[in-house]
Amino acid sequence: MNINENVWRTIGRGTAHPSEVLNTLIELDNRKGQIGLWALENELREKMPLLRPVVQPLAQAWLEATILYRTTYYPEDRLSRLFHRFTQPERPHLPVAS
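In this report, we go over the structure that sits alongside the text. What you see is a predicted model; the values in this text were computed from it and never measured.

## Some points on the overall build of the chain
Looking only at helices and strands, one finds four helices and zero strands in the chain. Secondary structure elements of the chain, listed N to C terminal, follow the sequence α-α-α-α. Counting only contacts in the chain whose residues sit at least 6 apart along the sequence, the fraction spanning at least 24 positions is 66%. When the accessible surface of the chain is summed, it comes to about 6,800 Å², and 60% of that surface belongs to carbon and sulfur atoms.

## Re the nonpolar core
Ranked by size, the top nonpolar core spans 17 residues in total, and within it V7, I11, L25, L40, L44 and W62 carry the most contacts. Among the secondary structure elements, those contributing two or more residues to this core are α1 (3-13), α2 (18-47) and α3 (56-73). Considering every element that reaches this core, the biggest residue donor is α2, with six residues.

## A short note on the environment of L63
With respect to the element layout, L63 can be found in helix α3. Judged by relative accessible area, which is 6%, L63 ranks as buried. Once the C-alpha coordinates of L63 and M48 are considered, the two residues, 15 residues apart in sequence, prove to be 9.5 Å apart. Setting aside its immediate chain neighbours within four residues, L63 contacts E41, L44, R45 and M48.

Definitions and cut-offs
Residues numbered from 1 in each chain as written. Predicted model: local features only at pLDDT ≥ 70, side-chain atom pairs only at ≥ 80, totals over all residues. Heavy atoms only, no water. Helix = DSSP H or I, 4+ residues; strand = E, 2+ residues; numbered from the N terminus. Contact = heavy atoms within 4.5 Å. Areas by Shrake-Rupley, 256 points an atom, 1.4 Å probe, with all protein chains shown as cover. Core = buried A, V, L, I, M, F, W, Y, C linked by side-chain atoms within 4.5 Å. Buried < 20%, exposed > 50% of the residue type's maximum accessible area, 1.4 Å probe, protein only.

Structure follows, in structure tokens:
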């Protein structure tokens, strides 16, 4: 089974054991590395508004666990910060006061 399918299956089920979350993230890291973790983060962020309110907290927990795992094992370097900036949703830029 695809790793992302496993994540969505647990979200649909409405429950995920902490060891299941950690094992899934380790497997994703082993197969696809940092890029796979970023891809899962982005997928969760994109689909979060489309989810039923009942399952949004679990999806948010998956997102937070993925971010914490990635930042723990892949400290931010210049390339990571650049890639992270491109994958974040657009935020309006505020004018800078002179």
